[in-house]
Amino acid sequence: MSSRRPNRSLPVGERRERPPTRRLLGLIGLVGLMLASCGLGPGSTPGAIHLTVTQGFGARQIGRQGPPRVRGQETVMSLLMRNHRVKTRYGGGFVQSIDGHAGGTQSGDPVDWFYYVNGIEAPRGSADTSVHPGDHIWWDLHDWSQADDIPAVVGSFPEPFLHGSDGKRLPVRVECVELTGEPCETVVARLRAAGVPAAIAAIGPGNEPSTLRVLVGPWPAVRATPATEAIERGPRASGVYARFAGDGQTLTLLDAHGRATGTLAAGAGLVAATRYAEEAPTWVVTGTDTAGVSRAAHAFSEAALRNHFALALEPSGTARPLPTAGP
């Protein structure tokens, strides 16, 4: 079992400690449920909130669609409970099931609920995370046998570029191999159309940990950062269910079990996000060559990325959500 689970509000490792007494657990649960049902208090209601609940790495949507019901100052947990049928454990700090879809095991593999705020894995439990105006909250029930830590996903685009993290916008910089090339111009145009004032620069060392970076170029040119090089080592290292070869000439697609389901060569592209330590996420709009980068750049949009953890582009242009469903 993992020692780090973003769904939980318990500190790292506490889940292995002796459980609280039944009386204390009941008191904690009562307080947690009261807070969840009422919000944090009479503060102003955050606007333009998105709430997405899916299963299988975004493959299937669960429950109602449309703007969620919001009242007062919400936490991620209270917002979820206001809009879905939720069962919890550990005194109300851990989501066990949503609308009847429960964590546990499926075909012998562990599955649980994980959540992301603006496409970023939250560092705290859902009952301790406040909802801010414009936040995109995404819950997904998925297999974590290969990666219990998926630090960032692309399916909430234009987040996190638009509203950032924890209610604060972050600087955004698009770093390109060719500053005047069509892929670079496409990515910058998409961000600015969404209201994001993105800066443009050549690919650099990335020593500004609070800046959201979008690296645009063939894989050999974007791989040399602590965040991106992890993609070559698979989902356990990066949270991305695809793996470039060291020379960047092939891209192997992986399913939820980490098994290869296909290898793409010339003309293949990838749009993915990952993260190094506690730095802001790094996105890659990349490919095996310039044609693949161009395909990835044209997929850098809300419509193409919605509810996908990452997206591979075949040389034919066919989009393959990651992890793949199978061969």
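Residues numbered from 1 in each chain as written. Predicted model: local features only at pLDDT ≥ 70, side-chain atom pairs only at ≥ 80, totals over all residues. Heavy atoms only, no water.

(A) Representation of empty space enclosed by the protein. What the rule picks out here adds up to two cavities of 30 Å³ or more. Approximately 50 Å³ is the volume found for the largest cavity. If you trace the largest cavity, you find it lined by Leu51, Thr52, Val53, Gln61, Ile62, Arg64, Gly66, Pro68, Asn83 and His84. Examining the composition of the lining of the largest cavity, we find that three residues originate from one element, strand E1 (residues 50-55), more than from any other. Looking at the lining of the largest cavity, its residues break down into four nonpolar, five polar and one charged. (1 Å grid on protein atoms, 1.4 Å probe; cavity = no way out; pocket = protein on both sides within 12 Å on 5 of 7 lines; lining within 4 Å. Points joined across faces, edges and corners; volume = space filled by probe spheres on them. Helix = DSSP H or I, 4+ residues; strand = E, 2+ residues; numbered from the N terminus. Nonpolar A, V, L, I, M, F, W, Y, C, P; charged D, E, K, R; others polar.)

(B) Just the packing of aromatic side chains, in detail. Scanning all chains against the criterion turns up 14 aromatic pairs. With a centroid separation of 4.7 Å and an interplanar angle of 65 degrees, the aromatic rings of Phe157 and Phe300 are classed as edge-to-face. Of the two residues, Phe157 sits in the loop between strand E9 (136-143) and strand E10 (172-176) while Phe300 sits in the loop between helix H6 (290-298) and helix H7 (302-305), which places them 143 residues apart along the sequence. Both residues of the pair, Phe157 and Phe300, belong to the buried class. Joined through ring pairs, the aromatic side chains of Phe57, Tyr116, Trp138, Tyr241 and Phe309 make up one cluster. (Phe/Tyr/Trp six-rings, centres within 6.5 Å; stacked < 30°, edge-to-face > 60°. Buried < 20%, exposed > 50% of the residue type's maximum accessible area, 1.4 Å probe, protein only.)

(C) The pattern of salt bridges, seen in detail. Summed over all chains, the structure comprises ten salt bridges. Note that Glu302 is salt-bridged to Arg306, the shortest N-O span being 4.0 Å. Classification of Arg306 by relative accessible area gives partly exposed; the value is 46%. In this structure, Glu314 engages Arg320 in a salt bridge whose closest nitrogen and oxygen atoms are separated by 2.8 Å. Within this structure, Arg173, Glu175, Glu208 and Arg213 form a network of salt bridges that share partners. (Salt bridge = Lys/Arg side-chain N within 4 Å of Asp/Glu carboxyl O.)

(D) Inspection of the nonpolar core at higher detail. Counting 30 residues, the largest nonpolar core has Phe161, Val174, Val187, Leu191, Val214, Trp283 and Phe300 as its most contacted members. Sorting the residues of this core by element identifies E10, helix H3 (182-193), strand E12 (212-218), strand E16 (269-274), strand E17 (282-287), H6 and strand E18 (310-313) as the ones contributing at least two each. Ranked by residue count, the leading element in this core is H3, at four residues. Once residues within four sequence positions are removed from consideration, Val214 is found in contact with Phe161, Arg173, Val174, Glu175, Val187, Trp283, Val285 and Phe300. In terms of nonpolar packing, the next biggest core, distinct from the first, is built from 29 residues, Tyr116, Ile150, Leu253 and Leu270 among them. (Core = buried A, V, L, I, M, F, W, Y, C linked by side-chain atoms within 4.5 Å. Contact = heavy atoms within 4.5 Å.)

(E) Looking closely at the sheet that holds strand E3 (residues 86-89). One open sheet holds the three strands; their spatial order is E3-E4-E5, and the pairing between them is antiparallel. With partners counted over all chains shown, the strands left at the sheet margins are E3 and strand E5 (101-102), one partner each. Note that strand E4 (residues 94-98) and E5 share two bridges and pair antiparallel. The residue bridging Ile98 from the neighbouring strand is His101, located in E5. Taken strand by strand, helix H2 (residues 76-83) contacts E3 and E4, and its axis lies near 20 degrees from that of E4. (Pairing = 2+ DSSP bridges. Axes fitted to C-alpha atoms, helices over the stretch in contact; angles between N-to-C directions.)

(F) Summary view of unusual backbone geometry. Between Phe157 and the following residue, Pro158, the backbone shows a cis peptide bond with an omega angle of 15 degrees. Mapped onto the elements of the fold, Pro158 is located in the loop between E9 and E10. Residues Leu322 and Pro323 are joined by a peptide bond in cis, for which omega reads -5 degrees. Along the chain, Pro323 falls in the segment after strand E19 (319-322). With a phi close to 55 degrees, Asn118 is a non-glycine residue in the positive phi region. Given the relative accessible area of 0%, Asn118 is considered buried. Of note, Ala277 is a non-glycine position whose phi angle comes to about 50 degrees, a positive value.

(G) Just the environment of Ala260, in detail. Summarising the element assignment, Ala260 is placed in strand E15 (residues 260-264). The residues contacting Ala260, other than those within four sequence positions of it, are Thr252, Leu253 and Leu254.

(H) Here's a closer look at H6. Residues Gly292, Val293, Ser294, Ala296 and Ala297 constitute the buried set of H6. Those residues of H6 that are buried are in contact with H3, E12, E16, E17 and E18.

(I) The arrangement of the side chain of Thr52 in detail. Here Thr52 lies in strand E1. Under the relative-accessibility criterion, Thr52 is labelled buried at 9%. Here His136 takes part through its side chain, which lies 3.1 Å from a polar atom of the side chain of Thr52. With residues near it in sequence (within four places) discarded, Thr52 still touches His136, Ile137, Trp138, Trp139 and Asn307. (Polar contact = N/O pair within 3.5 Å; in protein donor to acceptor, adjacent residues only side chain to side chain.)

Geometric descriptors of this kind do not, in isolation, establish any biological role.
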